[in-house]
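Spelled out, the chains give:
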Amino acid sequence: MKPTAQWISLGLAAFFGAVMLVAFLIFPGFFPPMSPNWSAQHVADFYAHHATLIRTSMVIFNLCGLMLVPFFMVIVYQMKRMATPTQVLAYCYLSAAVSGFTLFAIADLMWLIAAFRPMRDPQLVMLLNDFAWIIFTAPVGAIVAQNICLAIAVRLDARPVPVFPKWVAPFSLLIAAAMVPACCGAIVHNGPLAWNGLVSFWLRIIAYGVYFAVMFVVLMKAIRREAAETA
Amino acid sequence: MSVAAPPIAASEDMPEADKRDLWFCWWVLPFFYSFFGLIFVLLTHVMPPPSPHKTDEQITAFFHAHGTTIQIGFAILMVVIGGSGILNGFVAYEMKRMSVTPVFAYTYIATLAVGAIPGCLMCAFSFLVASFRPDRDPHIVAMLYDVALLTFVGSLGCFAAQYLTLGIAILLDKNEIFPKWFAYVSFWNVITELLAAPVFVFKKGPFSWNGAISFWEGTVIFVIYLNCFILLLRKAVQDQRAGEVVQD
Amino acid sequence: MAAETAMSPSARRLPGDVNMWVFVLGDMVFFGAYFVIFMYYRTRQQDMFLLSQRHLSLASGVVNTLFLLASSWFVARAVQAVRDDMHERALRLVAAGGGFGVAFVALKIHEWYALAHHGFKLSTNDFFMFYFALTAIHVFHVLLGMFVLGFVGRELRRADLRRAWVVEAGATYWHMVDLIWVVLFAILYVMR
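Residues numbered from 1 in each chain as written. Chains lettered and ligands numbered in written order. Predicted model: local features only at pLDDT ≥ 70, side-chain atom pairs only at ≥ 80, totals over all residues.

Draft legend 1. Quick look at the overall build of chain A. In terms of regular secondary structure, chain A is built from nine helices and zero strands. Secondary structure elements of chain A, listed N to C terminal, follow the sequence α-α-α-α-α-α-α-α-α. Expected size for 231 residues packed as a compact globule is a radius of gyration near 17 Å; at 19 Å, chain A falls within 12% of this value. For chain A, the spread of C-alpha atoms along the three principal axes comes to 60 × 30 × 25 Å. Of all 231 residues assigned to chain A, the portion counted as buried reaches 46%. The contacts in chain A between residues at least 6 apart in sequence include a share of 77% that link residues at least 24 apart. (Helix = DSSP H or I, 4+ residues; strand = E, 2+ residues; numbered from the N terminus. Rg over C-alpha atoms; globule rule 2.2 N^0.38 Å. Buried ≥ 20, exposed ≤ 12 C-beta atoms within 10 Å, placed from the backbone. Contact = placed C-beta atoms within 7 Å.)

Below is the structure:
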């Protein structure tokens, strides 16, 4: 089987990943991330003042977020190639990835709905804003489960030349560990664990970015090796 | 047509199969549901559900009284919910061992990957948002309360579809991965999902979201089902022999 | 189809199949619980329940009971016919049983429609809440029974199948549906 589809998936991920990085940089709510301590009026004013940029960046998130799905499905496919006892972990990874992407799509819609009529009752704008930030920040379970499955699969891969190098196992566990504390973003109003804090926001986003970049290179090598093996 | 796996050969002298990944998945089950019980019963007071027959002020008071445990419980859920993905994959794998084409295995993953969001996480988000600022307008807090409990008890279709297709798959299967009676236990849950439909109408009585029929009877049946399922999955993993061909 | 498994020896003792009995007995326990809950609410507001009961059509309840009893009788005869290896006859009897099932559902829908036309609905009062919910869940069982009888019919048409225990299991289920209706009829329409 030619690896064309896998290369296209990586290409899609690289292109749309770059577009999403731009959207991330222009979203006014991320630099600095909006504080959970703002009053309802402050939140509503923020949406009113920055409506255009919020809509632009979130529409981009909306369009491009799910374009990364093929990238994760390449990981699923490569997990199925591993000489693990069974292929169960690949299905687990697939199932968790679906839920994770759904949540991203919902969070993004909440921001867009809040920006749609910033003049509505500030209490309601703040409600939508709370939903957006909490759904964006807190549910880290999907990616944590994905990375645990990936780590175990890599660890159990009995091929003489493993599909993914063995260090991917501790690496993905480390990434998972970096994301776990973000679940507190749904509770805390201040400090590093708040949704705008160093741990819940910056550490989580950077960990995700590093994971994406590293897995990109790992996948490139795995696809090349697969092509060489089957040639 | 010929993709169905051959029936399991029952020879005793095969070496013990390597099942480390399957055992990992199985152990997620007791841990996941222990956390699930701890979170939903003890910490967040979603099970058994508080009454739908409350004024806005009483609902706000509920969040003032239980805000801290709700937040602790659902913050833990945000991480633990990942386990549901692992369980979906695990059950789907066992369903692929059946002599049935894997359409129902894929259906299982799909229905529950969808179901986790309205059926479980929407409730968590609404309670988290309500507890995040319990001083919001009481009308809004009361709406979040309804969103949480109606989505939690009233997400009928995702789970009914999953119970139905799991049961059909078990009845059709000739590899005896699960015993046939368990198919009927699965069908019981379809019926309880139907009887949870009136929760969208009633604010008290047996068909309200905390009612004797819509909540309690359904929950009792679900707990019976779940305990059987955990034990049967353990047996399914134990009984798998080395060299068994599982359809791709 | 060569992999057709023989039935396990333990399944021979009961008519049909022991797994179906798990479902039937479990289902009857659950319906038993619904009836207990119904009685609990009924004793607390007996006058209202009796008053509401008058709006139900006893005639259509009786006709529906006759429909299901006739249907059950045909299906029971079908089981006997299968045991005597008269598969053509069994198929006709199952079809007759299914026909009465369809008639039951049609009459039930008409009854709901007539009640709704007079303004009675699920939320009218506790009596109609139970009436609509319990009859609806029962009709769901009848519709499921149509699939079961259809499956039995397929079994009878194909010479390579015709397993007696499948027909018996289907009949077991169908008799349960009938039995539950008789109890429902008694407590909803008749009990004073």
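Past the structure itself, the notes keep going.
Draft legend 2. Seen up close, the overall build of chain C. What chain C contains, in helices and strands, is six helices and zero strands. Along chain C, helices and strands appear, N-terminal first, in the series α-α-α-α-α-α. Dimensions along the principal axes, computed over C-alpha positions, put chain C at roughly 60 × 30 × 25 Å. Out of the 192 residues in chain C, the part that is buried amounts to 33%.

Draft legend 3. Examining the packing of helix α1 (residues 20–43) of chain B against helix α3 (residues 82–96) of chain B more closely. All names here are of chain B. Following both chains from N to C, one finds α1 and α3 inclined at 135 degrees, their axes separated by 9 Å at the closest point. Classified by the angle their axes make, α1 and α3 are oblique. The way α1 lies across α3 gives a crossing that is left-handed. Along its contact with α1, which presents C25, V28, L29 and F32, the element α3 presents G83, S84, I86, L87 and F90. Of the residues that constitute the contact of α1 with α3, the class distribution is seven nonpolar, two polar and no charged. (Axes fitted to C-alpha atoms, helices over the stretch in contact; angles between N-to-C directions. Parallel < 35°, antiparallel > 145°, perpendicular 65-115°, else oblique. Left-handed = near helix turned anticlockwise from the far one by under 90°. Nonpolar A, V, L, I, M, F, W, Y, C, P; charged D, E, K, R; others polar.)

Draft legend 4. Seen up close, the interface of chain B and chain C. With 18 residues of chain B at the contact, the number on the chain C side is 19 residues. Looking at the side of chain B that touches chain C, the elements with two or more residues in it are α7 (180–195) and α8 (212–239) of chain B. The dominant element in the side of chain B that touches chain C, judged by the number of residues it contributes, is α7 of chain B, at eight residues.

Draft legend 5. Representation of helix α4 (residues 103–132) of chain B within the structure. Residues and elements named next belong to chain B. An ideal rise of 1.5 Å per residue puts 44 Å on 30 residues; α4 measures up with 42 Å between its terminal C-alpha atoms. For α4, the principal kink sits at L121 and spans about 45 degrees. Of all 30 residues in α4, 23 are buried; the element is thus mostly enclosed. (Expected span 1.5 Å × (residues − 1). Bend = angle between axes of the 7 residues up to and from the residue.)

Draft legend 6. Expanded view of helix α2 (residues 40–49) of chain A. Residues and elements named next belong to chain A. Among the residues making up α2, those that are buried are V43, A44, F46 and Y47. Down the axis of α2, the buried set is contained in an arc of 155 degrees. They therefore lie on one face. Those residues of α2 that are exposed and angled more than 90 degrees off the buried face are Q41 and H49. The elements touched by buried residues of α2 are α3 (51–65), α5 (88–116) and α6 (122–137). (Arc of directions from axis to C-beta.)

Draft legend 7. View of the packing of helix α5 (residues 126–157) of chain C against helix α6 (residues 164–190) of chain C. Residues and elements named next belong to chain C. Their axes nearest at 9 Å, the elements α5 and α6 cross at an angle of 160 degrees. With respect to their mutual orientation, α5 and α6 come out roughly antiparallel. Read as a crossing pair, α5 and α6 show a hand that is left-handed. Its residues placed into classes, the contact of α5 with α6 shows 17 nonpolar, five polar and one charged.

Draft legend 8. Expanded view of unusual backbone geometry. Between F31 of chain A and the following residue, P32 of chain A, the backbone shows a cis peptide bond with an omega angle of -10 degrees. Turning to its location among the elements, P32 of chain A is positioned in the loop between α1 (4–26) and α2. Backbone torsion omega between M47 of chain B and P48 of chain B reads -10 degrees, so that peptide bond is classified as cis. Along the polypeptide, P48 of chain B turns up in the loop between α1 and α2 (56–80). Of note in this structure, H45 of chain B is not a glycine but carries a positive phi near 60 degrees. Inspection of the secondary structure puts H45 of chain B in the loop between α1 and α2. For E176 of chain B, which is not a glycine, the phi torsion comes out positive at approximately 55 degrees.

Draft legend 9. Just the arrangement of the chains, in detail. Inter-chain contacts occur across two pairs of chains; the most extensive set of contacts lies between chains A and B. Without any contact between them, chain A and chain C keep their closest C-alpha atoms 25 Å apart.

Draft legend 10. Quick look at the interface of chain A and chain B. Listed by partner, the interface residues are 34 residues for chain A and 36 residues for chain B. Among the elements of the structure, α5, α6 and α7 (141–156) of chain A are those that each provide at least two residues to the side of chain A that touches chain B. The element best represented in the side of chain A that touches chain B is α5 of chain A, accounting for ten residues. Residues of the side of chain A that touches chain B, tallied by class, amount to 26 nonpolar, seven polar and one charged.

Draft legend 11. Highlighting the confidence of the model for chain C. Residues and elements named next belong to chain C. Per-residue confidence for chain C gives a mean pLDDT of 88; residues scoring 70 or more make up 92%. Here residues 1–12 scores under 50 on pLDDT; set against residues more than four positions off or in separate chains, the count is nine contacts. Taken over the whole predicted complex, pTM reads 0.88, whereas the ipTM for its chain interfaces reads 0.93. (pLDDT = per-residue confidence, 0-100.)

Draft legend 12. A look at the environment of I177 of chain B. With respect to the helices and strands, I177 of chain B occurs in the loop between α6 (157–172) and α7. Every residue in contact with I177 of chain B, bar those within four places of it in the chain, is listed here: E94, R97, M98 and A236 of chain B.

Draft legend 13. Layout of the environment of F104 of chain C. By the secondary structure assignment, F104 of chain C is in helix α4 (residues 87–117). Ignoring any residue separated from it by four or fewer positions in sequence, one finds F104 of chain C in contact with N64, F67, L68 and V142 of chain C.

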